[in-house]
Amino acid sequence: MFIIDADLGTANVDVLLNLNVRYNLNHLATREKEILDLVVEGPGGIHIIPGGSGLQSLANLDDYQFSRVLNSFKALEQYADVILIDTGAGLSRNVLNFVLAADEVIVVTTPEPHSITDAYAILKVIDEQNHSLKTWLVVNKAEDKSEAQQIADRMVGVANRFLRLKVTNLGYILEDLAVPRAVKKLVPFTLADPNSPAAKCLRQIAERLCQPETIVSHPQSRSFFDRFRDLFMKK
């Protein structure tokens with residue numbers, strides 16, 4: 001499994017995992033390094049492609065640099081069954097292009113009203129651009145199961161009423177002090193405290209994603225990164 005830190009300009013996955021990173025996407029864009037030079041093995045057997053914290057130039061790649069980055073990303077597809085793209089928040093062009101080119105999307109919200117509003121905004125864009133895209137919803141930092149279920153039911157209900165997009169409730173993650181404690185230690189909370197409520201919630205989400213009935217085939221003949229390039233090049 002690969003995680004590509006695509007929160008361009010404010011990437012921090014490597015920092016949160018306390019990884020010793022020598023190279024990042026900026027080195028790839030400037031032709032200093034190849035894609036496999038960037039790969040860093042993280043905890044739990046995952047592999048990280050660091051974005052590079054504070055590298056604002058990544059958010060403004062020229063066409064040649066962008067094409068080089070995308071072509072390099074394609075090489076990863078032969079090494080992993082799953083490639084997780086961690087995008088930034090909001091509705092920027094880069095975020096939307098990653099979302100719309102994906103095989104599946106997980107939209108994460110919290111109980112705060114502004115977060116719910118932002119989550120619904122991206123659902124509306126997905127509906128307008130590709131309403132057949134498999135879309136999941138996760139409620140993060142929920143006070144309890146009841147609150148998470150109430151928010152998920154409300155969002156799924158509104159989507160079913162006003163959008164063509166089918167949104168499926170994937171699960172929730174409880175507000176848990178184990179998470180900030182693990183962040184301070186720069187260790188994933190699932191490893192720092194595997195029996196914590198948040199860790200149990202995350203395992204349930206992962207298990208559901210891996211169930212045979214939830215795994216959908218993607219007959220598209222073209223690579224995710226080819227689709228992403230097409231979206232990016234649209235005027």
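Everything below is about the structure shown above.
Throughout, a residue's number is its position along its own chain's written sequence, starting from 1. Confidence filtering applies because this is a predicted model: local features only for residues at pLDDT of at least 70, side-chain atom pairs given and counted only at 80 or more, and all residues used for totals across whole chains, interfaces and linings. For the side-chain quantities, the full set of heavy atoms in the structure was used; hydrogens and water were omitted.

**Digging into the pattern of salt bridges**
Then comes step 1: Definition used for salt bridges: Asp or Glu carboxyl oxygen within 4 Å of a side-chain nitrogen of Lys or Arg. Counted under the stated rule, the structure contains 1 salt bridge.
Then comes step 2: Residue D127 is joined to R164 by a salt bridge in which the shortest nitrogen-to-oxygen separation is 3.9 Å. Taken together, the positions of D127 in helix α6 (residues 113–130) and R164 in the loop between α7 (145–162) and β7 (167–174) put the pair 37 residues apart, joining distant regions of the chain.
Then comes step 3: The exposed category is assigned to R164, whose relative accessible area is 53%. Helix and strand assignments follow DSSP, with helices taken as H or I runs no shorter than four residues and strands as E runs no shorter than two, numbered in order from the N terminus. Think of it in three bands: with a 1.4 Å probe and only protein chains considered, a residue is buried below 20% of the maximum accessible area for its type, exposed above 50%, and partly exposed in between.

**Topic: the environment of N130**
Then comes step 1: The residue N130 is located in helix α6 in this model.
Then comes step 2: Measuring from C-alpha to C-alpha, the distance between N130 and R164 comes to 9.5 Å, with 34 residues separating the pair along the chain.
Then comes step 3: Residues count as neighbours in contact if any of their non-hydrogen atoms are within 4.5 Å of one another. Those residues within four positions of N130 in sequence are excluded, and the remaining contacts are L100 and L165.
Then comes step 4: Side-chain atoms alone can form a polar contact between residues adjacent in sequence; in general such a contact is a pair of N or O atoms within 3.5 Å, and within protein one must be able to donate a hydrogen while the other accepts it. For N130, the side chain forms a polar contact with the side chain of S132, separated by 2.8 Å.

**Focus on the environment of G51**
Then comes step 1: Here G51 shows up in the loop between β3 (47–49) and α4 (63–74).
Then comes step 2: Distance in space between the C-alpha atoms of G51 and N12 is 7.3 Å, their sequence separation being 39 residues.

**Remarks on the pairing of strand β6 (residues 134–142)**
Then comes step 1: The criterion for strand pairing is that DSSP finds at least two bridges linking the strands in question. Sheet topology places strand β5 (residues 104–109) next to β6; 6 bridges connect them, and they run parallel. Across the sheet, the residue bridging to V107 is L137, located in β6.
Then comes step 2: The handedness rule is simple: strands pointing away from the viewer, and a clockwise path from the first strand over the helix to the second, make the crossover right-handed. Handedness of the crossover joining β5 and β6 through α6 is recorded here as right-handed.
Then comes step 3: Note that the unit made of β6, α7 and β7 has a crossover that is right-handed.

**Let's talk about unusual backbone geometry**
Then comes step 1: One non-glycine residue, N18, adopts positive backbone phi at about 55°.
Then comes step 2: Its place among the elements puts N18 in the loop between α1 (13–16) and α2 (25–29).
Then comes step 3: With a phi angle near 60°, L186 is a residue other than glycine that sits in the positive phi range.
Then comes step 4: Within the secondary structure, L186 is located in the loop between α8 (178–185) and α9 (189–192).

**Looking at the sheet that holds strand β1 (residues 2–6)**
Then comes step 1: Read from one edge of the open sheet, 4 strands run β2-β3-β1-β4, paired in mixed fashion. Lying at the two open borders of the sheet, with one neighbouring strand each, are β2 (40–41) and β4 (83–87).
Then comes step 2: Both β1 and β3 contribute to a ladder of 3 bridges, which runs parallel. Looking at β3, one finds that I3 is bridged to I48.

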